Structures are given as C-alpha cells and as structure tokens.
Amino acid sequence: MGISEVIKKRRSVRSYKSDPIPEEDLRKILDAGRWAPSSGNTQPLEMVVIRKQKTKKKLVKAARGQSFIAQAPVVVVICANIPRTERKYGERGRNLYIIQDTAAATQNILLMAYELGYATCWIGSFIDKEVEKIIEAPEKIRPLALIPIGKPARIPKTPHKRNLDEIVHEEKLRSRR
Ligand SMILES: Cc1cc2nc3c(=O)[nH]c(=O)nc-3n(C[C@H](O)[C@H](O)[C@H](O)COP(=O)(O)O)c2cc1C
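Residues numbered from 1 in each chain as written. Predicted model: local features only at pLDDT ≥ 70, side-chain atom pairs only at ≥ 80, totals over all residues. Heavy atoms only, no water.

Identification of the protein chain as Nitroreductase domain-containing protein from candidate division MSBL1 archaeon SCGC-AAA382A20 is taken from an unreviewed UniProt entry. UniProt lists a comment for the protein chain under the heading Sequence similarities (unreviewed entry), and it reads "Belongs to the nitroreductase family." (UniProt positions renumbered as here; feature names shortened; annotations may be inferred.)

See below:
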C-alpha cells in the first residue's frame, strides 16, 4: 500500500476483534513511533504496552467510560519524558514541543498499524492523574494519548473532511465561515 492510500484510508475504529497481535507486528508498529521527527531530536517518546484485561478496564474508567478500549488486545499509552525536551527548550519544550513530538509519533503508529492490517483510535479524552497512577508514571512523565490496537470488527464510513480550498490560504489567512 502506498503512503497516500494509508493516509486516506486509515480510520478511527471503535470496535475490535480479540485476536492477539503477533509480537513482530507490534514491534513494527511501535518502531514507527521511534522514527517520528522530534524537536531538536530530543525524542521524549516513552510507550507503555498494556495487555492485561484488568489494566485495560482501569484505562476505560480513566477515559471516561470509552469501553471499546478494553476490546483491543493491546493498548499503548503514549507518554512524554518532559525533561528530555525541557532541558533543551525550557517552557516551549515543556508546553508545546512534547505535545507535537508525541503527536507525530502517534500518527506514525496509527499509519503503520493500518498498513499492517490493524485498526486504532487516537484517544485523548482521559483523566491524566488516573492514567499516571495506572502506569505508575514517575514525575515528569506525562501520558498524552492512548492507542488501542487490534483487528477491526467494524470500520466506520469516512467522516466529512473539509475541502482543501477551504483550508489553504494564499499569503494571508482570510477567515471563512
Ligand atoms: C487529539 C485527538 C484526540 C482524540 N480523542 C478521541 C477520544 O478520546 N475518543 C475517540 O473515540 N476518538 C478520539 N479521537 C479520534 C477522532 O474522533 C477522529 O480522528 C476524528 O473523528 C476523525 O476521524 P478519522 O480518524 O477516522 O479520520 C481523537 C483524535 C485526536 C487527534
């Protein structure tokens, strides 16, 4: 599959089969995160792989009841190691770059998973403190996304995406309604 097809066909899937993910596939998916760009190559990405059902149930609760998370055989908690970026970039590193760095890694993971035939969903709605407790995150490690990964049980239709001409502006940003 070419990159444009992967980019366009990936969907946020919220229903998974329980089939286990072969370790080799999981490693390829997670490795895609490692290759993402990061601010000054500070690489703040840390990932926690959750396989235990009991722990997934806790994540569901932390994610305000998004029960489909527990259907996936694996859930990855994407975290930022704040000091790695903060050391180099201070406040901007702490407040902005760690979010951008881990977002780039998250997208790489979603795309690689799709290429290998797996479904994912980027989960950003969760209670930080609860997730920190579940993964026993040390201070200065911030969870930024949860990614359930599994074979899709139901693939949603492509949602509406804004037209390119609506979001591309020439020279100056002109507001449109
Ligand atoms: C930062 C971020 C946070 C998100 N949080 C959630 C979430 O908590 N739960 C969920 O079901 N989907 C979540 N999504 C997925 C979006 O709803 C989804 O990407 C959007 O509806 C477009 O659909 P598509 O991914 O299939 O193109 C999130 C996506 C992003 C980028």
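Chemist: Now, about the overall build of the protein chain: what can you tell me, with residues and values included?
Modeler: Within the protein chain, the secondary structure is distributed over 6 helices and 4 strands. Of the regular secondary structure in the protein chain, the N- to C-terminal order runs α-α-β-α-β-α-β-α-β-α. By principal-axis analysis of the C-alpha atoms, the protein chain measures approximately 50 × 40 × 30 Å. Counting across all 177 residues of the protein chain, residues that qualify as buried make up 39%. Within the protein chain, counting contacts between residues at least 6 apart in sequence, those at least 24 apart form 79% of the total. (Helix = DSSP H or I, 4+ residues; strand = E, 2+ residues; numbered from the N terminus. Buried < 20%, exposed > 50% of the residue type's maximum accessible area, 1.4 Å probe, protein only. Contact = heavy atoms within 4.5 Å.)

Chemist: Run through the site of the ligand, naming residues and quoting values.
Modeler: Looking at the ligand, there are 13 residues lining it, with Arg11, Ser12, Arg14, Gln66 and Lys161 nearest. Contacts to the ligand include glutamine 66, whose side-chain N or O atom sits 2.7 Å from a nitrogen atom. At 2.6 Å, a side-chain N or O of lysine 161 approaches an oxygen atom of the ligand. Within the complex, the protein chains bury 63% of what would otherwise be the 620 Å² of accessible surface of the ligand. The class makeup of the residues in the shell around the ligand is 5 nonpolar, 4 polar and 4 charged. (Near = heavy atom within 4 Å. Polar contact = N/O pair within 3.5 Å; in protein donor to acceptor, adjacent residues only side chain to side chain. Areas by Shrake-Rupley, 256 points an atom, 1.4 Å probe, with all protein chains shown as cover. Nonpolar A, V, L, I, M, F, W, Y, C, P; charged D, E, K, R; others polar.)

Chemist: Quick rundown of a nonpolar patch on the surface? Include the residues and the values.
Modeler: Judged by side-chain polarity, Leu164, Ile167 and Val168 come together as a nonpolar surface patch covering roughly 270 Å² of accessible area. Relative to the elements of secondary structure, leucine 164 occurs in helix H6 (residues 164-167). (Patch = residues over 30% accessible without salt bridge, like charges linked within 9 Å, V, L, I, M, F, W, Y side chains within 5 Å. Salt bridge = Lys/Arg side-chain N within 4 Å of Asp/Glu carboxyl O.)

Chemist: For the packing of aromatic side chains, give the residues involved together with the corresponding values.
Modeler: Using the criterion set out here, one finds 2 aromatic pairs in the structure. When the centroid spacing of 6.5 Å and the interplanar angle of 35 degrees are considered together, the rings of tyrosine 16 and phenylalanine 68 count as tilted. Of the two residues, tyrosine 16 sits in the loop between helix H1 (3-9) and helix H2 (23-34) while phenylalanine 68 sits in the loop between helix H3 (53-62) and strand E2 (74-81), which places them 52 residues apart along the sequence. You'll find tyrosine 16 and phenylalanine 68 in the same group, each marked buried. (Phe/Tyr/Trp six-rings, centres within 6.5 Å; stacked < 30°, edge-to-face > 60°.)

Chemist: Could you give an account of the packing of H2 against helix H4 (residues 82-115), with specific residues and numbers?
Modeler: For any two helices packed against each other, the geometry comes down to the angle between their axes and how far apart the axes lie. Close contact between H2 and H4 brings their axes to 7 Å; oriented N to C, the two are set at 150 degrees. On the basis of their axis angle, the class for H2 and H4 is roughly antiparallel. As for the relative orientation of H2 and H4, their crossing is right-handed in sense. Contact with H2, carried on its side by Lys28, Ile29, Leu30, Ala32 and Gly33, involves Ala105, Asn108, Ile109, Met112 and Ala113 of H4 and no other residues of that element. (Axes fitted to C-alpha atoms, helices over the stretch in contact; angles between N-to-C directions. Parallel < 35°, antiparallel > 145°, perpendicular 65-115°, else oblique. Left-handed = near helix turned anticlockwise from the far one by under 90°.)

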